[in-house]
Amino acid sequence: MEFRAPLEDILFTLSALGADRLDHYDADLTREIGEHFGRFATDVLAPINAIGDAQGCRLENGRVRMPQGFKEAFDQLAADGWQGLTAPEDFGGQGQSHIMLGVTSEIFSGANHALQMVTGLVPGAIRTLLTFGTEDQKSAYIPKLIDGTMLATMCLTEPNAGSDLARIRTRAVRSGGAWKITGEKIFISGGDQDLTEDIFHLVLARTSDDGLKGLSLFIVTGRVSVTRIEEKMGLHASPTCQIVFDETMAELIGSEGQGLMAMFTMMNHARIDVALQGVAHAARAFDLANAYAHDRVQGQFNGSDARLIDHDDVRRMVDDIDALALMSRGIAHLAMIELERGDKPALIEFLTSMAKVFGSEAGIRAAETGMQVLGGYGYLTEYGLDQTYRDARITAIYEGANGIHTRTLATRGIKSGGAEAFGGLLQDLGAPQDAQERWAQAVDHVQRGSATHMAPYFYHVAAQVLVSVLSHHYEAQADTHPDPDRIRRVARHFRIHADAEATKGIFIMNALCA
């Protein structure tokens, strides 16, 4: 089935959640750019998605070779200016908003998640340069990231340092007026590729033994030594590299000892991106399952042939998938809207973690449910849901495992004021009194009990309360969507489940506090 960008759903969600009230949001321009990128995704990116999955990447003589057609697709992507969509115009970019990037990022991930992975760190790298780079660094690297001369990587993980960055051993030492880095990094997406002339590596390395305070951020350019690429369950066309630095020349970006703060600029961009990857997979799973369920004839009703969608259980599953896409998109869009406003950092952090967890789990669950709708055909490779599931599965793991994010919500989210700001958001969105009471109960339980023990249930209540509120908004504004009956049906369907799930979460927290 040909890829179709879910643009009408994207525009509906943005409008329903208040993007129109942003100073720089232009609905007509967003539609125009979304339509243009949607055609590019359908014509260029999606046709090589299965090819990339089948061929994968190869490591030949220390260099990574991308699958057939990926180089040509990237060249067109860069030539059309998409790599500089949000970059400042002063450097040759288009100066568009986080919202616009979110629209194209979701479409890109739905069409070809693997290539989006390799190219998608550029906006975050540019933002890191703008925030922490010197004027010389900005002028040297930003134009090259925009025009496709360079792609970017984020080099954090090491064999003994996954989520625990305090264990990083890669070390940077001064060498005259520069620095040299020695160490090993693993799980580096796009650590090497043959799409660009050069690569812009952001490397977190140790400059002292003072734990997290001893970490600094460095720029390494050029080709580094790749010792292996990982054999993975999915994302076969995204090279996951193990790389070695051996007294490799590097430039410090930002202040010495402030590396984690600088790197989080890139990581927070990446987490919103991961949320949208999950949304994209859920939307693709809905398209495939819905089309199949409407086409496949099975059984009879009143003496006439019935389609799969006519069976209540199948209708329920298809609506579940549809709702997962719509609701996860809504949470991600709320985070993007707050990011664009920029005046509530604690709320932005809270929503970013929530969007990452809900979006990634939505993509996985939607793909799995879609396979069930297709029955035996869903288990085959013919319809592509197997790839959707395999590619989506990593989203709950990378850019912070979901369990870490739920713990962050219940610990840092409380201490930083994020939970309080989230409560304010619920009020601003017109949450019913019972929803606000559930949220207040969840906050009270976490404050009185063990926050880490309560974390999964605290997140669950937060997400389900927000989803219930989103459902109200969708239903109230359904007439602005080309298919209002579908929006009303799915919103009502999921709100019932969300209210029940939030109540269940409170019940479990009550029991744990007893």
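Only a predicted model underlies this, so the values are computations on that prediction, with no experimental measurement involved.

## So, the layout of surface pockets
At step 1: Space inside the second largest pocket adds up to approximately 420 Å³.
At step 2: N49, A50, R284, G384 and Q387 are, among the 24 residues lining the second largest pocket, the residues nearest its centre.
At step 3: Only α3 (49-55), α5 (98-119), α8 (259-295) and α12 (385-392) provide two or more residues apiece to the lining of the second largest pocket.
At step 4: No other element matches the five residues that α5 contributes to the lining of the second largest pocket.
At step 5: A breakdown of the residues in the lining of the second largest pocket according to their chemical character gives eight nonpolar, ten polar and six charged.

## Re unusual backbone geometry
At step 1: If you check the backbone angles, L235 has positive phi at about 50° while not being a glycine.
At step 2: Position of L235 among the secondary structure elements: in the loop between β8 (225-229) and β9 (240-253).
At step 3: Although it is not a glycine, N302 sits at a positive phi angle of roughly 55°.
At step 4: Position of N302 among the secondary structure elements: in the loop between β10 (297-301) and β11 (304-307).
At step 5: When its relative accessible area of 84% is taken as the criterion, N302 is described as exposed.

## Overview of the nonpolar core
At step 1: Formed by 169 residues in total, the largest nonpolar core has its most connected members in F200, F422, W439, F458 and L466.
At step 2: Broken down by element, the residue count for this core peaks at 18 residues, all from α8.
At step 3: Setting aside chain neighbours within four positions, we find F200 in contact with A125, L129, Y141, L145, M150, L151, A152, T153, I219, V220 and T221.

## Focus on the pattern of salt bridges
At step 1: A full pass over the atoms with the stated rule returns 33 salt bridges.
At step 2: Among the salt bridges present, the one from E60 reaches R58, with a minimum N-O distance of 2.8 Å.
At step 3: Classification of R58 as partly exposed rests on a relative accessible area of 39%.
At step 4: In this structure, the salt-bridge partner of D164 is R167, at a minimum N-O distance of 2.9 Å.
At step 5: Residue classification places D164 among the partly exposed positions, given a relative accessible area of 37%.
At step 6: R167 gets classed as exposed once you look at its relative accessible area, which sits at 52%.
At step 7: Residues joined in a network through salt bridges with shared partners are E8, R31 and E35.

## Observations concerning helix α15 (residues 418-428)
At step 1: Those residues of α15 not exposed but buried are G418, A419, F422, G423, L425 and L426. End-on view of α15: buried residues confined to an arc of 155°, all on one side of the axis. Across from the buried face of α15, at angles greater than 90 degrees, the exposed residues are E420, Q427 and D428.
At step 2: The elements touched by buried residues of α15 are α9 (312-341), α10 (345-374), α14 (412-415), α16 (433-448) and α17 (451-476).
At step 3: Phi turns positive, to about 80°, at G430, one or two residues after α15.

## Thoughts on the environment of G92
At step 1: Structurally, the position occupied by G92 is in the loop between α4 (70-79) and α5.
At step 2: According to the relative accessible area criterion, G92 is exposed, its value standing at 52%.
At step 3: With 55 residues separating them in the primary sequence, G92 and D147 have C-alpha atoms 8.2 Å apart.

## A short note on the environment of R365
At step 1: Its place among the elements puts R365 in helix α10.
At step 2: Not counting the four nearest positions on each side in its chain, R365 is found in contact with D320 and L324.

## Quick notes on the pairing of strand β5 (residues 178-189)
At step 1: As paired elements, strand β4 (residues 171-175) and β5 share five bridges and run antiparallel to each other. From the neighbouring strand, R174 faces β5, where its bridge partner is W179.
At step 2: Joining the antiparallel neighbours β4 and β5 is a turn of two residues, in which G176 adopts a positive phi near 70°.
At step 3: Examined bridge by bridge, β5 and β9 share eight bridges and lie antiparallel to one another. Within the sheet, the bridge partner assigned to I188 lies in β9 and is C241.

## As for the packing of α16 against helix α18 (residues 484-513)
At step 1: With their axes 10 Å apart at the nearest point, α16 and α18 run at an angle of 25° to one another. Taken together, the axes of α16 and α18 lie roughly parallel to each other. Viewed along their axes, α16 and α18 form a crossing whose handedness is left-handed. Contact with α16, carried on its side by R438, Q441, A442, H445, V446 and R448, involves D499, A502, T503, I506, M509, N510 and C513 of α18 and no other residues of that element.
At step 2: Class assignment for the residues of the contact of α16 with α18 results in six nonpolar, four polar and three charged.

## Overview of the pairing of β9
At step 1: The pairing of strand β7 (residues 215-221) with β9 spans three bridges and is classified as antiparallel. Note on β9: the bridge partner recorded for I219 is E251.
At step 2: Two strands pair when backbone bridges link them, and β8 and β9 are joined in this way by four bridges, in the antiparallel orientation. If you follow V226 over to β9, its bridge partner there is I243.

Thresholds, definitions, all that
- Residues numbered from 1 in each chain as written.
- Predicted model: local features only at pLDDT ≥ 70, side-chain atom pairs only at ≥ 80, totals over all residues.
- Heavy atoms only, no water.
- 1 Å grid on protein atoms, 1.4 Å probe; cavity = no way out; pocket = protein on both sides within 12 Å on 5 of 7 lines; lining within 4 Å.
- Points joined across faces, edges and corners; volume = space filled by probe spheres on them.
- Helix = DSSP H or I, 4+ residues; strand = E, 2+ residues; numbered from the N terminus.
- Nonpolar A, V, L, I, M, F, W, Y, C, P; charged D, E, K, R; others polar.
- Buried < 20%, exposed > 50% of the residue type's maximum accessible area, 1.4 Å probe, protein only.
- Core = buried A, V, L, I, M, F, W, Y, C linked by side-chain atoms within 4.5 Å.
- Contact = heavy atoms within 4.5 Å.
- Salt bridge = Lys/Arg side-chain N within 4 Å of Asp/Glu carboxyl O.
- Arc of directions from axis to C-beta.
- Pairing = 2+ DSSP bridges.
- Axes fitted to C-alpha atoms, helices over the stretch in contact; angles between N-to-C directions.
- Parallel < 35°, antiparallel > 145°, perpendicular 65-115°, else oblique.
- Left-handed = near helix turned anticlockwise from the far one by under 90°.

Read these as spatial facts, not as claims about activity.
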